[in-house]
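Survey of secondary and tertiary structure
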Amino acid sequence: MQNYIRSIGFSMYKKKNEVKELLDKIQRENIASARISVTTEKERLWEIRKNLSESVGLCIYGYLENLGVFVREGYFPYIKDTSVSSVSKCSIEKHIDDSVFSGMLDDNRLGMSLIFRLSNPLDYIDNTSRKISSVNLFGFCSDGRVLLPIKKTLVEIESSKQRSQDRTLLIEAAKRGDENAIDTLTTDEALLYSTLSDRIQTEDVYSIVDTLFMPYGMENDIYSIVGNILDIKEEENILTNEKILILKIECSDIELSVAIKKEDLQGEPTVGRRFKGNIWLHGKTNQE
């Protein structure tokens, strides 16, 4: 966890005891603003949110014991006021051993299920009967890099968009059991693999792959991404004065925000260039 709170300006907190002192201080000073929700199992969960800049903050959470004692279970960073990333079907599951919730987004633009850490669990608990209408995705990165864009003509850009739309429609049809769509997708994948295998012999992979969204490592909510930079904001952590960058990224036709400490990003971020990094993916659900 320490690797990712550095992305919101806490790079000096590297040991568990240092992080504990920080959390104790935030909890003690903000206990009056704690929000409490009761689950269907009558468990009382609480959270305290400390805003650290215009866009980012740190959330501390836990449960209440019978005598009203606040037991802290964990913490995570968050980004506020992000835009809608997907309106596809989304399901939420609670972890077995703690008060953490994860979401699974079934977005055909990716061709795979996307798992994320739920950033607003108490909102979800208070409205479990309401349908999830959309999800705002955002992530945290401790080591990123700026890449130059792949030069494309307007015709190539439009052609790429059309191929992406066609693939999304094929995936939807395949999920309904359309055998022709399944065959077409299989053939397209084989042709793509063959083309990439030939090109990779003489070209760099990032000159071939425009954007990328794929699982990374053993954790199911960590992803390796390459995406186009759409917007950049620089902010400052009010407690540490460290500089934070909030990058709006377009990756595989999905828009999300990524927070990273300014010094952890190699290269000069500019709109139109690309961002590469491993992110811890979070999502805020919006309910009808």
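Before reading on, note that the structure itself is shown above.
Please read all numbers here as calculations on a predicted model, not as lab measurements.

The rules behind each value
- Residues numbered from 1 in each chain as written.
- Predicted model: local features only at pLDDT ≥ 70, side-chain atom pairs only at ≥ 80, totals over all residues.
- Heavy atoms only, no water.
- Helix = DSSP H or I, 4+ residues; strand = E, 2+ residues; numbered from the N terminus.
- Buried < 20%, exposed > 50% of the residue type's maximum accessible area, 1.4 Å probe, protein only.
- Contact = heavy atoms within 4.5 Å.
- Areas by Shrake-Rupley, 256 points an atom, 1.4 Å probe, with all protein chains shown as cover.
- Phe/Tyr/Trp six-rings, centres within 6.5 Å; stacked < 30°, edge-to-face > 60°.
- Expected span 1.5 Å × (residues − 1).
- Arc of directions from axis to C-beta.
- Pairing = 2+ DSSP bridges.
- Polar contact = N/O pair within 3.5 Å; in protein donor to acceptor, adjacent residues only side chain to side chain.

Moving on, we get to the overall build of the protein chain. Across its full length, the protein chain holds 6 helices and 15 strands. Evaluated residue by residue, the protein chain yields a buried proportion of 42% over its 288 residues. Intrachain contacts of the protein chain at a sequence separation of at least 6 include 61% that bridge at least 24 residues. Counting every atom, the protein chain has about 15700 Å² of accessible surface; 50% of that belongs to carbon and sulfur.

Let's shift gears to the packing of aromatic side chains. How two aromatic rings sit relative to each other is set out by the distance from centre to centre and by the angle between their planes. Under the defined criterion, the tally for this structure stands at 7 aromatic pairs. Both rings, one in phenylalanine 10 and one in tyrosine 13, keep their centres 5.6 Å apart while their planes meet at 75 degrees; by these two values the pair is edge-to-face. Accessibility expressed as a relative area gives 1% for phenylalanine 10, which makes it buried. On the basis of relative accessible area, tyrosine 13 is assigned to the partly exposed category, the value being 22%.

Glancing now at helix 2 (residues 16-30). With 15 residues, helix 2 should reach 21 Å at 1.5 Å per residue; the first-to-last C-alpha distance of 21 Å fits that figure. Within the sequence span of helix 2, burial applies to Val19, Leu22, Leu23, Ile26, Gln27 and Asn30. What you see down the axis of helix 2 is that its buried residues fit within an arc of 130 degrees, all on one side. What points out from helix 2, more than 90 degrees from its buried face, is the exposed set Glu21, Arg28 and Glu29.

Positionally, tyrosine 124 belongs in helix 3 (residues 121-126). Along the sequence, tyrosine 124 and phenylalanine 101 sit 23 residues apart, while their C-alpha atoms lie 9.5 Å from each other. If we skip the residues at most four places from it in the chain, tyrosine 124 touches Ile92, Phe101, Leu118, Ile132 and Gln287.

Another aspect to go through is the pairing of strand 2 (residues 44-51). In this structure, strand 1 (residues 35-38) lies alongside strand 2, joined through 4 bridges in antiparallel fashion. Each residue of the ladder has a partner; that of isoleucine 36, found in strand 2, is tryptophan 46. Two successive antiparallel strands, strand 1 and strand 2, enclose a turn made up of 5 residues, where lysine 42 displays a positive phi of approximately 65 degrees. Pairing geometry for strand 2 and strand 3 (residues 56-64), over 7 bridges, is antiparallel. Residue isoleucine 48 lies in a different strand from strand 3, and its bridge partner there is isoleucine 60. With antiparallel pairing between neighbouring strands as the criterion, strand 2 and strand 3 make up a hairpin whose turn holds 4 residues.

The next point concerns the environment of glycine 267. The topology assignment puts glycine 267 in the loop between strand 14 (265-266) and strand 15 (274-287). Its relative accessible area of 49% is what places glycine 267 among the partly exposed residues. It is 5.1 Å that separates the C-alpha atoms of glycine 267 and valine 146, two residues lying 121 residues apart in sequence.

Turning to its location among the elements, serine 86 is positioned in the loop between strand 4 (70-79) and strand 5 (90-94). Only 2.7 Å separates the side chain of serine 86 from the side chain of aspartate 107, close enough to count as a polar contact. If near-sequence neighbours (up to four positions away) are discounted, serine 86 is found in contact with Leu105, Asp107, Arg109, Ser134 and Val135.

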